[in-house]
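Observations on chain architecture
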Amino acid sequence: MEPEPDLHDLLRTLRVWSPEVTTLPTLDPETVPADPLPLFTTWFAEAVAAGQPEPHTMSLATSDADGLPDVRTVMLHGADADGWAFASHSGSAKGRQLAARPYAALHFYWPALGRQIRLRGPVESAPSPEAQADLHARSTGALAAALTGRQSEVLGSVAELERTSREAWERAQREPDAPAPTWTLYRLRPDEAEFFQGDAERRHVRLKYRRTEAGWLRELLWP
């Protein structure tokens, strides 16, 4: 039997932003747009061009009715003047938490460029027809997963999941416009947006946008 790996030894062998796989661009705070959305769009496109795996995935942090934090990885469905969009079932853990406390945070990490983006703000649900249209514009697998439902509920067995999922796939293929009533499209409208650009000398640039009554305020933060 092989010995168990030593976590601390493994950690000491790892490196962040190895030049073999990471390019660290510069960020000039004097040339950034007045609104965070255009900068996000540019950075997202650059992450895709750099070959960053799954740049459209992000961490979503919420809190439950008691104020206890929770986090998971979800997929970005879009970003525009109305906010950054993601989707889930209204009865899922995140759905229940957002119903109790409709405020959340998003985090993107793109190590190919040494970049992070953090957003915090209130979350609203889009109208149901818009959520259904978003779902039906996606893949058959996405619809099948939505039709399977019961997200975050206790599962009796893997066999039960396989049976229910197979039935959902068959329905999704048979009815590509089948409704998933609990499927909800959420939008986070940021009060704050921080753009982090890593630097090899640890002189990281942290640019923060804060929403004010007069518009977006930009400020730099110590790394």
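To be clear, the structure that these remarks concern was listed above.
Residues numbered from 1 in each chain as written. Predicted model: local features only at pLDDT ≥ 70, side-chain atom pairs only at ≥ 80, totals over all residues. Heavy atoms only, no water.

What to know about the pairing of strand β1 (residues 57-63)
- As paired strands, β1 and strand β2 (residues 69-75) are joined by 7 bridges and run antiparallel to one another. Paired with S63 across the bridge in β2 is P69.
- Hairpin geometry of β1 and β2 is characterised by an intervening segment of 5 residues between the two adjacent antiparallel strands and by a positive phi of about 85° at G67. (Pairing = 2+ DSSP bridges. Helix = DSSP H or I, 4+ residues; strand = E, 2+ residues; numbered from the N terminus.)

Thoughts on the layout of surface pockets
- Of the pockets and cavities examined, the largest pocket occupies roughly 340 Å³.
- Considering the residues around the largest pocket, the lining is formed by 16 residues, among which H77, A87, A145, Q151 and W183 are closest to the centre.
- Sorting the residues of the lining of the largest pocket by element identifies β2, β4 (83-89) and α5 (140-148) as the ones contributing at least two each.
- Of the residues in the lining of the largest pocket, the class split is 7 nonpolar, 6 polar and 3 charged.
- Approximately 210 Å³ is the volume attributed to the second largest pocket. (1 Å grid on protein atoms, 1.4 Å probe; cavity = no way out; pocket = protein on both sides within 12 Å on 5 of 7 lines; lining within 4 Å. Points joined across faces, edges and corners; volume = space filled by probe spheres on them. Nonpolar A, V, L, I, M, F, W, Y, C, P; charged D, E, K, R; others polar.)

Things to note about the pattern of salt bridges
- Under the criterion given, the structure shown has 13 salt bridges.
- Note that R12 and D9 form a salt bridge whose closest N and O atoms lie 2.6 Å from each other. One end of the pair is R12 and the other is D9, both in helix α1 (residues 7-13) and 3 residues apart, which spans about a single turn.
- R12 sits in the exposed class, given a relative accessible area of 61%.
- Its salt-bridge partner being K208, residue E192 comes within 3.6 Å of it at the nearest N-O pair. Of this pair, E192 sits in strand β8 (residues 192-197) while K208 sits in strand β9 (residues 205-212); the two residues are 16 residues apart in sequence, bridging distant segments of the chain. (Salt bridge = Lys/Arg side-chain N within 4 Å of Asp/Glu carboxyl O. Buried < 20%, exposed > 50% of the residue type's maximum accessible area, 1.4 Å probe, protein only.)

Examining a nonpolar patch on the surface
- Residues L7, L11 and L14 make up a contiguous nonpolar surface patch of roughly 340 Å² in combined accessible area.
- Secondary-structure assignment places L7 in helix α1. (Patch = residues over 30% accessible without salt bridge, like charges linked within 9 Å, V, L, I, M, F, W, Y side chains within 5 Å. Areas by Shrake-Rupley, 256 points an atom, 1.4 Å probe, with all protein chains shown as cover.)

As for the environment of A104
- Tracing the backbone through its elements, the reader meets A104 in strand β5 (residues 103-110).
- Along the primary structure A104 and G121 are separated by 17 residues, whereas in three dimensions their C-alpha atoms are 5.9 Å apart.
- Apart from residues lying up to four places away in sequence, A104 is in contact with L60, A61, T62, L98, L119, R120, G121, V123 and L188. (Contact = heavy atoms within 4.5 Å.)

Side note on the environment of H136
- With respect to the helices, strands and loops of the structure, H136 is situated in helix α4 (residues 128-136).
- The partly exposed category is assigned to H136, whose relative accessible area is 25%.
- As a C-alpha pair, H136 and T13 span 123 residues in sequence and 45 Å in three-dimensional space.
- Once residues lying within four places of it in the same chain are set aside, the contact partners of H136 are L143, P176, D177, A178 and P179.

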